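# Observations on the model geometry
Single-letter residue listing:
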Number of protein chains: 2
Amino acid sequence: MSPSASEDAGPGTWGRPTVRVGLLGCGNVGSALARLLLTDAGRIAERTGVALELVKVAVRSASKERDVPGVERLITTDPFGVVRDPAIDVVVEVMGGISPARDLVLEALRSGKPVVSANKELLANHGAELWDAAAAAGVDLLFEASVAGGVPLIRALRESLAGERIHRVMGIVNGTTNYILTRMAASGATYQEALAEAQSQGFAERDPTADVEGYDAAAKAAILANVAFGAKVVAGDVYREGISHVSGQDIEAARRLGFVIKLLAVVEAGEDGALGVRVHPAMVPQAHPLASVSDSYNAVFIEGETVGQLMLLGRGAGGPPTASAVLGDLVDAAHNLTVKGVARKLELREVPIRPIDDLRCAYYLSLFVADRSGVLSAISGALGRHNVSVRSMEQDAPEPERGVAGPSRPDPGRPEPAREAQAHLVFVTHPAFERDMQACLHELRRLDTVRRIGSLVRVVGP
Amino acid sequence: MSPSASEDAGPGTWGRPTVRVGLLGCGNVGSALARLLLTDAGRIAERTGVALELVKVAVRSASKERDVPGVERLITTDPFGVVRDPAIDVVVEVMGGISPARDLVLEALRSGKPVVSANKELLANHGAELWDAAAAAGVDLLFEASVAGGVPLIRALRESLAGERIHRVMGIVNGTTNYILTRMAASGATYQEALAEAQSQGFAERDPTADVEGYDAAAKAAILANVAFGAKVVAGDVYREGISHVSGQDIEAARRLGFVIKLLAVVEAGEDGALGVRVHPAMVPQAHPLASVSDSYNAVFIEGETVGQLMLLGRGAGGPPTASAVLGDLVDAAHNLTVKGVARKLELREVPIRPIDDLRCAYYLSLFVADRSGVLSAISGALGRHNVSVRSMEQDAPEPERGVAGPSRPDPGRPEPAREAQAHLVFVTHPAFERDMQACLHELRRLDTVRRIGSLVRVVGP
């Protein structure tokens, strides 16, 4: 807290030390936060003992209309001016993106200002540099809102579970994909229909790539690896698959087999000290707490040596829930300023990342094959040669009418081959190594009886 | 941290400032914590930056055998000696009960030692006094483990949601009763059978009163009211009903109607500023996240103005999960000592407690009545006279053979009255005031066609 601020105890400060806040960005989250600070500061001060005063709001376009009473007089288009303003005690960065956010956050930290950020992209790519800068300056860098929005997950991992030996963290950390998968399971909608519905409901962007291909979840997985394991992991280290290849047939087969398909961010410690960090669709047993997390909710399931199993669930996105998480951090940073304390540093270690090839898990495998005698024997042979043992197999009714269906439908302009009845086989395997499974897929693709590989989905194990 | 401790940086301290811990109590939680501190301190220090050294463990009986390697040399039977030892920096109180725990905690706080406590009974009855003492001395009093064991709930409410306008907190905070209700629902066991099973599994005490009659949950409800609403509430302020009157028939009827019966601790802000604080069995809609919390798991569902809906789920009891929560607090307290910071104070305000009579909710009402014409009309008349409107009614098949069943079975020594066919009616009402419902029950009891009131269970509303 700057001395000038601490000495100010006018009527606007509710008799508490005032901490002056500069806000970078005024989109969904920024405007929800600005509204809280401008309309509810008295109650917040009474409840928390910290008086927060919003003094500047940096935006890209000053002319844009904002539905936040009183914000106009605070608007500036100079974010560096906010960071450098000696009257500002704490900086909140909710502008997103790497540039100029990275430079702004670094400059704020180096000049001794605590920073609260909701910027998963920035943290997942430059976290170590930022946390080092915060530690060097002895100020807070708090980022609760960067993963799972309003869910108080980061604080749980950094503080409550600070001494815990964490085995695995599995999260539904992307609301868009969870909404799509929930709609597909509930209504039998195709992926494209569910995506269109998500877009019309405002749960998906017009270009949904970052969500549906798992890039957003991968950034959050990197942050989870930082916080839960103290591991120096960046977004690019994360193995990533999205949900665009998940079909209604997969979801229906999963249901029959006792599973729900969810896009999971998984971070797990191996016995060898290597860390698995991956994002992909997964078969979650119906009785698992993550299976019932529906719609755009987020949830993170934590398994620890001493604490056992924990799950935290809530709204992972949206302006107000995310602003609530930012506010929690802001109160924390302001409290630390007023008592001259400091949050714990986040020190990251280099940890070997386990290649996806070394993953060992059970698999769900869906194959479309020619409905001929000898097919199953050829496939079983290929599985066996690659040390993949089958736990169960089921065959859908042959589909002579529908021919080849689904996303890899052949070019409609190409003359269709003579139709042969097609069978749909669904296998669930015993645990196998990913490298073996991939080698097996390679062989299966070359069998002339295998029309196409439908899906390969990893099964969540104990 | 005492100066003597901070200057010690021998090989046993992993090059970090050492914080010396005195432990009061070595039962399930205490011995799990002692094991962590004695066997895993190096890893904890590396991960958290805080070296914790367990130096004394106060117990009632020094001769009892404890399965914790290296603890024997630390054992003392003088808890005040631990609190007064100038070489001890932080006190952990996991002995339970009010006396001597209250005197010990007060003395520790007043002498400037932070305290971590898992003692719900103490906090629910003397919390205000203890938090005042902590604030006066400028030291931490942390108590994550006092509600819902390993679930990082208190920190979420005190810190992440510090600025949040909380509307309602509903918790499954007693694992014993949740286990019993889960078993009754899953296997059709009676209450007595499920209780016996819980006892044989170690989930219930031989005298289960504190759990099954809701006293344990009521203490936790008081602490939730303290933390989530800053309200000065003690255990005795909490309206309380247990589960011993919940029958298999109620659970089955609930299932048919789309509900699950759970023992809930509810704290909710009324529009008039009064706080409702109550513990009772409740009908939870099957789609509600609390409905799928089974066995001995605990979960707390939080509804806030900005954050929306949150749920935190995990192990609510047992030595290791509770010790994990204590360890999280201990790291926090130790960190605050080393940086000379201090946790936020908990300041409680007097808040009017809403009398249970003023509660307004929907009800499930089960009645055993004579199977005569005119009965339903008489009952409907009574409900209507008390402004209780029926949403649905269903009638089980008459039970001429079974006669009066369930917990209020008449004294078997008494000559049985002439048997008349009996019908079981189940009503679900629209929201009504508790006072009206109770007046209605009073009238129903006096109708000669009503054999007995089966159950009255409140329905969780939006």
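Residues numbered from 1 in each chain as written. Chains lettered and ligands numbered in written order. Predicted model: local features only at pLDDT ≥ 70, side-chain atom pairs only at ≥ 80, totals over all residues. Heavy atoms only, no water.

## Side note on the sheet that holds strand β6 (residues 141-142) of chain B
Residues and elements named next belong to chain B. If you trace the six strands from one edge of the open sheet to the other, you get β3-β2-β1-β4-β5-β6, paired in parallel fashion. On the outer flanks of this sheet lie β3 (75-76) and β6, each paired with one strand and no other. Here seven bridges tie strand β1 (residues 18-24) to strand β2 (residues 51-58), and the two strands are oriented parallel to one another. Looking at the pairing, Leu23 lines up with Val57 of β2. This element, helix α13 (residues 319-339), spans β1, β2, β4 (90-93), β5 (115-117) and β6 of the sheet and lies at about 160° to β4. (Pairing = 2+ DSSP bridges. Helix = DSSP H or I, 4+ residues; strand = E, 2+ residues; numbered from the N terminus. Contact = heavy atoms within 4.5 Å. Axes fitted to C-alpha atoms, helices over the stretch in contact; angles between N-to-C directions.)

## Digging into the confidence of the model for chain A
Residues and elements named next belong to chain A. In the predicted model, chain A carries a mean pLDDT of 91, and the fraction of residues at 70 or more is 92%. Per-residue pLDDT stays below 50 along residues 1-14; that stretch engages in 25 contacts with residues further than four places along the chain or on separate chains. Here residues 400-410 is a poorly scored stretch, pLDDT under 50, and it has 14 contacts once near neighbours within four places are set aside; other chains count. Scored as a complex, the prediction yields pTM 0.91 and ipTM 0.90. (pLDDT = per-residue confidence, 0-100.)

## Section: the nonpolar core
The biggest cluster of nonpolar side chains holds 174 residues, and the ones touching the most others in it are A:Ile302 and B:Ile302. Look past the residues within four positions of A:Ile302 in its chain and what remains in contact with it is A:Leu153, A:Leu157, A:Leu161, A:Ile166, A:Arg168, A:Val169, A:Gly308, A:Gln309, A:Leu310 and A:Leu312. (Core = buried A, V, L, I, M, F, W, Y, C linked by side-chain atoms within 4.5 Å. Buried < 20%, exposed > 50% of the residue type's maximum accessible area, 1.4 Å probe, protein only.)

## Section: the pattern of salt bridges
In the structure shown here, the tally under the stated rule is 48 salt bridges over all chains. The closest approach of N and O atoms between A:Asp40 and A:Arg43, which form a salt bridge, is 2.8 Å. For B:Arg155, the salt bridge goes to B:Glu144, with nearest N and O atoms at 3.9 Å. Taken as a pair, B:Arg155 in helix α7 (residues 153-160) and B:Glu144 in the loop between β6 and α7 lie far apart in primary sequence, 11 residues in all. Classification of B:Arg155 as buried rests on a relative accessible area of 5%. Among the ionic contacts, a cluster of salt bridges with common partners joins A:Glu144, A:Arg155, A:Asp329, A:Asp332 and B:Glu159. (Salt bridge = Lys/Arg side-chain N within 4 Å of Asp/Glu carboxyl O.)

## Re the packing of helix α5 (residues 101-110) of chain B against helix α6 (residues 120-137) of chain B
Residues and elements named next belong to chain B. Packing of α5 against α6 brings their axes to within 9 Å, and their N-to-C directions diverge by 15°. Considering their axes alone, α5 and α6 lie roughly parallel with respect to each other. Like other packed secondary-structure pairs, α5 and α6 cross with a definite hand, here right-handed. Taking contact as the criterion, the partners of Ala101, Arg102, Val105, Leu106, Leu109 and Arg110 in α5 are, on α6, Leu122, His126, Glu129, Leu130, Ala133, Ala134 and Ala137. Per-class residue counts for the contact of α5 with α6 are nine nonpolar, one polar and three charged. (Parallel < 35°, antiparallel > 145°, perpendicular 65-115°, else oblique. Left-handed = near helix turned anticlockwise from the far one by under 90°. Nonpolar A, V, L, I, M, F, W, Y, C, P; charged D, E, K, R; others polar.)

## Describing the pairing of strand β10 (residues 275-285) of chain A
Residues and elements named next belong to chain A. Burial analysis of β10 places 10 of its 11 residues in the buried class, which makes it a mostly covered element. Hairpin geometry of strand β9 (residues 259-269) and β10 is characterised by an intervening segment of five residues between the two adjacent antiparallel strands and by a positive phi of about 90° at Gly273. Pairing between β10 and strand β17 (residues 450-459): two bridges, direction parallel. Each bridged residue has a counterpart across the sheet, and for Ala282 the counterpart in β17 is Arg458.

## Overview of the relation of the copies chain A and chain B
Its rotation angle being 180°, the transformation that places chain A on chain B also includes 0.0 Å of axial translation and leaves an RMSD of 0.0 Å. Seen this way, the second copy is the image of the first under a two-fold rotation axis. Taken as a fraction of all interface residues of chain A, those also at the interface in chain B reach 100%, which identifies the copy contact as same-surface. (Least-squares fit on C-alpha atoms with pLDDT ≥ 70 in both.)

## Thoughts on the interface of chain A and chain B
With 52 residues of chain A at the contact, the number on the chain B side is 52 residues. Summing the contributions of chain A and of chain B, the shared interface buries around 4,100 Å²; its carbon and sulfur component is 50%. Taken as a group, A:Arg47, A:Thr306 and A:Arg344 account for 15% of the area that chain A buries against chain B, more than any other trio of residues on that side. Of the charged contacts, one joins A:Arg165 and B:Asp40 as a salt bridge, the two residues approaching to 2.9 Å between their closest N and O atoms. For the pair chain A and chain B, the interface holds 18 residue pairs in polar contact (both at pLDDT 80 or more). At the level of secondary structure, the elements contributing two or more residues to the side of chain A that touches chain B comprise α3 (41-48), α7 (153-160), α11 (215-229), β12 (308-315) and α13 (319-339) of chain A. Here the side of chain A that touches chain B gets nine residues from one element, more than from any other, and that element is α13(A). Grouping the constituent residues of the side of chain A that touches chain B by class yields 23 nonpolar, 13 polar and 16 charged. Strand direction decides the pairing type here: β12(A) and strand β12 (residues 308-315) of chain B, joined by five bridges, are antiparallel. When the sheet's bridge partners are listed, A:Leu310 is paired in β12(B) with B:Gly314. (Buried area = accessible area lost by both parts, 1.4 Å probe. Polar contact = N/O pair within 3.5 Å; in protein donor to acceptor, adjacent residues only side chain to side chain.)

## Here we look at the sheet that holds strand β6 (residues 141-142) of chain A
Residues and elements named next belong to chain A. In spatial order, the strands read β3-β2-β1-β4-β5-β6; together these six strands make up an open sheet with parallel pairing. Looking at which strands have only one partner, the edges of the open sheet turn out to be β3 (75-76) and β6. Inspection of the sheet shows strand β4 (residues 90-93) paired to strand β5 (residues 115-117) by three bridges, in the parallel sense. When the bridges of β5 are listed, Glu93 appears paired with Ser117.

## Focus: a nonpolar patch on the surface
All names here are of chain A. Taken together, the side chains of Leu376, Val390 and Met393 present a nonpolar region at the surface, about 210 Å² in accessible area. With respect to the helices, strands and loops of the structure, Leu376 is situated in helix α14 (residues 375-385). Look at Leu376 and you get partly exposed, because its relative accessible area is 38%. (Patch = residues over 30% accessible without salt bridge, like charges linked within 9 Å, V, L, I, M, F, W, Y side chains within 5 Å. Areas by Shrake-Rupley, 256 points an atom, 1.4 Å probe, with all protein chains shown as cover.)

## A look at the side chain of A:Asp329
Residue and element names in this part refer to chain A. In this structure, Asp329 sits in helix α13. Engagement of the side chain of Asp329 in a polar contact is seen with the backbone nitrogen of Phe143, the distance being 3.2 Å. In terms of polar contacts, Asp329 uses its side chain to reach the backbone amide nitrogen of Glu144, at 2.7 Å. With residues up to four places along the chain from it excluded, the contact list for Asp329 reads Val116, Leu142, Phe143, Glu144, Ala145 and Arg155.

## Focus: unusual backbone geometry
Omega for the peptide link from A:Ser99 to A:Pro100 comes to 10°, which places this bond in the cis form. Among the structural elements, A:Pro100 can be located in the loop between β4 and α5 (101-110). One non-glycine residue with positive phi stands out, namely A:Asp295, at about 55°. Inspection of the secondary structure assignment puts A:Asp295 in the loop between β10 and β11 (297-304). One non-glycine residue, B:Asn387, adopts positive backbone phi at about 65°. Here B:Asn387 is to be found in the loop between α14 (375-385) and β14 (390-395).

## Concerning the environment of A:Asp396
All names here are of chain A. Relative to the assigned elements, Asp396 resides in the loop between β14 (390-395) and β15 (422-429). Sequence-wise, Asp396 and Val426 are 30 residues apart; in three dimensions their C-alpha atoms are separated by 8.0 Å. Those residues in contact with Asp396, other than ones at most four positions away along the chain, are Gln249, Arg256 and His424.

## Topic: helix α8 (residues 175-187) of chain A
Residues and elements named next belong to chain A. Taking 1.5 Å per residue, 13 residues should reach 18 Å; α8 reaches 18 Å between its end C-alpha atoms and fits that length. Looking only at α8, the buried set comprises Gly175, Thr176, Thr177, Asn178, Tyr179, Ile180, Leu181, Thr182 and Met184. Two or three places before Thr176, at the start of α8, stands the capping residue Asn174, its side-chain oxygen 3.3 Å from that residue's backbone nitrogen. One or two steps after α8, the chain reaches Gly188, where phi turns positive at roughly 75°. (Expected span 1.5 Å × (residues − 1).)

## Observations concerning the packing of α6(B) against helix α11 (residues 215-229) of chain B
Residues and elements named next belong to chain B. Look at α6 against α11: their axes get within 7 Å of each other, and the N-to-C directions meet at 30°. The angle between α6 and α11 falls in the class roughly parallel. By crossing handedness, the relation of α6 to α11 is classed as left-handed. Here α6 contributes Lys120, Leu123, Ala124 and Trp131 to the contact with α11, which in turn contributes Asp216, Ala219, Lys220, Ala222, Ile223 and Asn226. A breakdown of the residues in the contact of α6 with α11 according to their chemical character gives six nonpolar, one polar and three charged.

## Regarding the packing of aromatic side chains
Per the stated rule, a full pass over the model turns up four aromatic pairs over all chains. When the ring of B:Tyr179 is compared with that of B:Phe203, the centres are 4.6 Å apart and the planes differ by 45°; the resulting orientation is tilted. One end of the pair, B:Tyr179, is in helix α8 (residues 175-187); the other, B:Phe203, is in the loop between α9 (191-200) and α10 (209-212), and 24 residues separate them in sequence. A relative accessible area of 32% means that B:Phe203 is categorised as partly exposed. Positioned above the aromatic ring of A:Tyr297, the side-chain terminus of A:Arg315 is 4.1 Å from the ring centre. In this structure, B:Arg360 is placed above the aromatic ring of B:Phe433, and the distance from its NZ or CZ to the ring centre is 5.0 Å. (Phe/Tyr/Trp six-rings, centres within 6.5 Å; stacked < 30°, edge-to-face > 60°. Lys NZ or Arg CZ within 6 Å of the ring centre and 35° of its normal.)

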